[in-house]
Amino acid sequence: MLEVKSVNLKRVKVDTLVVPVCEDRDIHTDKLLSSLVDAAKAFPEFKGKKGDVITLFQPAETGIARAVFFGLGKAGSLSGESFRAFAGKAVKFCVNAGLPAMTLATPSAAGLTIEAETLLGALMEGACLGNHIFDRYKKEKEKTPVKKVTFMATAAQKKAYSGLAKSVAAVCGASVMAREWVTTPSNDKRPEAFAEMIQKAARAAGLKTRIMDERWLEKQQFGAMLAVGQGSSAKPRLVSMEYSPKGSKKTVVLVGKGVTFDSGGINLKPSGSIETMKMDMSGAAAVAGTMLAVAHLKPALKVVGVMPIVENMPSGTAIRPGDIIRSFAGKTIEIGNTDAEGRLILVDAMAWAVKQYQPDTLIDLATLTGACVVALGEKIAGVFSADRQLADAIVAAGDRTHERCWQLPLPEDYKELLKNDFADLNNVSSGRWGGAITAALFLSEFIGDTRWAHIDIAGPAWAKKASDYCGAGGTGFGVRLLCDLIGKL
Ligand code: BES
Ligand code: MN
Ligand code: ZN
C-alpha cells in the first residue's frame with residue numbers, strides 16, 4: 001500500500017494530493033508545491049494553523065484533481081508524532097470521502113528538528129495505521145481503506161526509503177493484527193481459538209510455533225495458570241513462537257498476558273469495569289504481533305514470544321478466595337482475590353520461559369492493574385525494572401514511537417505487603433495503595449536473577465474513542481514499541 005516515487009506535479013495526473021503546511025514557514029522544496037501552498041493560504045480560512053484544512057480543486061497548470069492542505073502549526077513545534085497524526089488524518093479524510101488513492105507531498109526535513117528518516121517513517125506509520133477499519137461484524141461495510149499511498153520523493157530518497165516503506169508496512173501490519181485480535185469479542189477468541197488464530201499468523205510469517213494444551217500444562221505443573229483457567233469451560237493454552245537466526249548470541253523473551261475475558265472470577269467485576277474486559281489479552285496480542293514483525297525485520301538476536309492464554313470465569317469449578325495453589329516455580333500462593341489473575345498466569349509463563357530459554361532479557365507486557373491507569377492515565381504505560389538501562393531503553397523507544405512509557409519504582413520494602421500467613425505469597429497486597437507496584441513486585445519473585453522489565457499496558461491497550469491514526473477499540477500498543485526496542489537491545 002505504501003510507495004515511494006518521484007512525481008512531477010506538472011506532468012503527472014494526480015487524483016488526490018495531500019499537503020502538510022506550516023503557518024510560519026514553507027516546508028516544501030518543490031516550487032510548484034510552494035506556489036500551491038501560497039494559493040491555499042490566500043484564502044482567509046486557511047492559515048496553516050493546527051487543525052486547518054482546505055481543498056483546492058483542479059489548481060491551474062497542474063494535473064491535480066484535488067489538493068487537500070492540512071495545517072500543522074508552527075514548524076519549530078513539530079515532532080515525529082505531528083507527522084504521524086497528519087498522515088493518519090489525511091488517510092482518514094480519503095477514506096471518509098471514498099477516495100481510493102492518495103499522493104502525499106513529503107515535506108523536507110531541512111530546518112525541522114527531526115531527521116529525514118524519522119519524518120518519512122512517521123508519515124508512513126500514520127498512513128498505514130490510520131487506514132485500518134474494523135468492520136468485520138457489520139453487514140454494511142460503510143468505508144473502504146485507501147489502496148495506495150504514494151510518497152513524493154527525489155530519486156535519491158526513493159533509493160534510500162523503499163526499504164523503510166517495507167519495514168514500516170511490516171510493523172504497522174503487525175500492529176493492526178494486534179488491534180484486530182484485541183477488538184475481536186471474547187466469544188470468538190476463547191483460549192483455544194485465540195491460540196490457533198495467532199499460531200496461524202505466526203506460521204504464515206515463517207515462525208516456529210507451538211501450542212501447549214491443558215494436559216501438557218498439567219504434566220508440567222503450571223499450577224497458577226491452571227487455577228485461573230479452571231473456572232472456564234474453555235481450557236488454557238500456552239503458545240510459544242520462536243525467531244532464531246543463525247549465529248545469534250543473545251536471546252530476548254517476550255511474555256504477554258492473554259486473558260481472553262476477565263470477568264474477575266468469583267470476585268466478579270461490577271458493571272462499569274467488566275464491559276471492555278475482552279481487551280485483557282492485549283499483552284499477548286502485542287507479543288504475537290511483535291513476533292510477526294520480527295519475522296520480517298530479521299534482527300540479529302533470538303526472539304521468543306510466550307503467551308499464556310486463559311479465560312477468567314466464575315463457576316462451580318472456579319478458584320475461590322482463600323484457595324492455596326502451587327505455581328510452576330514451586331512457590332505457593334494464596335488467592336486473596338480471583339480478579340488478580342494476570343499475575344498468576346504470567347508467573348508460570350515467565351518461570352517456564354526462564355528455565356526453557358535462559359534469556360538475556362525478559363520483558364512482559366500485561367493489562368495488569370487498574371492502579372496503573374489511575375497513576376498514569378489511559379495513554380501511558382508503566383515500566384518496572386531493577387535494570388535502569390533496560391527501563392531507560394524502553395522509555396526511549398516509547399518516546400520515538402509515541403507508545404509512551406514511564407518508569408515506576410520497585411521498592412524492596414513493599415514486598416512486605418505480599419506476605420501471607422499460610423502460603424509463600426498472597427496474590428494481592430494487604431494494603432490499599434500502590435497496586436501497580438505490588439503487582440510488579442509479585443512478578444519479580446518468579447524471574448530469578450534474569451534481566452527483566454514489566455510493562456503495564458492496562459491504560460493504553462484500549463481506546464474508547466478514535467484518534468488521529470487509531471480507531472476505537474484495541475490500539476495495538478506495544479508492537480511498535482517492542483519492534484523499536486528489539487533492534488537496540
Ligand atoms: N485486567 C485487570 C486490570 C485492568 C483494569 C485492565 C482496567 C484494564 C483496565 C486485572 O486482571 C485486574 O482485575 N486487576 C485488579 C487487581 C486487584 C484485584 C488487586 C485491579 O486492578 O483492580
Ligand atoms: Mn482481573
Ligand atoms: Zn485481568
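Residues numbered from 1 in each chain as written. Chains lettered and ligands numbered in written order. Predicted model: local features only at pLDDT ≥ 70, side-chain atom pairs only at ≥ 80, totals over all residues. Heavy atoms only, no water.

Each regular strand carries side chains that alternate between the two faces of the sheet. Among the 5 residues that make up strand S6 (residues 148–152), 4 are buried, leaving the element largely enclosed by the rest of the structure. As judged from the 4 bridges shared by strand S1 (residues 2–5) and S6, these two strands associate in the parallel manner. When the bridges of S6 are listed, Glu 3 appears paired with Thr 150. Examined bridge by bridge, strand S5 (residues 101–104) and S6 share 4 bridges and lie parallel to one another. Along S6, the bridge assignment pairs Thr 103 with Thr 150. In this view, the connection linking S5 to its parallel neighbour S6 by way of helix H3 (residues 116–130) has right-handed handedness. (Buried < 20%, exposed > 50% of the residue type's maximum accessible area, 1.4 Å probe, protein only. Helix = DSSP H or I, 4+ residues; strand = E, 2+ residues; numbered from the N terminus. Pairing = 2+ DSSP bridges. Right-handed = clockwise from strand over helix to strand, strands pointing away.)

All right, on to the site of ligand 1 then. For ligand 1, the set of nearby residues contains 16 residues, the closest of which are Lys 269, Asp 280, Asp 339, Glu 341 and Gly 370. In the model, an oxygen atom of ligand 1 is placed 2.9 Å from a nitrogen or oxygen of the Asp 262 side chain. Side-chain polar atom of Lys 269 to an oxygen atom of ligand 1: 2.8 Å apart, as the coordinates give it. In the complex, 76% of the free accessible area of ligand 1, which totals 520 Å², lies under the protein chains. Here the shell around ligand 1 is built from residues that sort into 5 nonpolar, 4 polar and 7 charged. (Near = heavy atom within 4 Å. Polar contact = N/O pair within 3.5 Å; in protein donor to acceptor, adjacent residues only side chain to side chain. Areas by Shrake-Rupley, 256 points an atom, 1.4 Å probe, with all protein chains shown as cover. Nonpolar A, V, L, I, M, F, W, Y, C, P; charged D, E, K, R; others polar.)

Before going further, it helps to examine the domain arrangement of the protein. Structurally, the protein comprises domain 1 (2–154) and domain 2 (173–486). Of note, the centres of domain 1 and domain 2, computed from C-alpha atoms alone, are 37 Å apart. Taken together, the contact pairs 15 residues of domain 1 with 18 residues of domain 2. Buried surface at the junction of domain 1 and domain 2, both sides included, amounts to about 1,400 Å², of which 54% is carbon and sulfur. Contact with domain 2 buries area across many residues of domain 1, yet Arg 84, Leu 129 and His 132 alone supply 39% of it, more than any other trio. At the junction of domain 1 with domain 2, the criterion picks out 2 salt bridges. One salt bridge connects Arg 480 with Glu 125, and the closest N-O pair in it is separated by 3.1 Å. (Domains from an automatic or database assignment. Contact = heavy atoms within 4.5 Å. Buried area = accessible area lost by both parts, 1.4 Å probe. Salt bridge = Lys/Arg side-chain N within 4 Å of Asp/Glu carboxyl O.)

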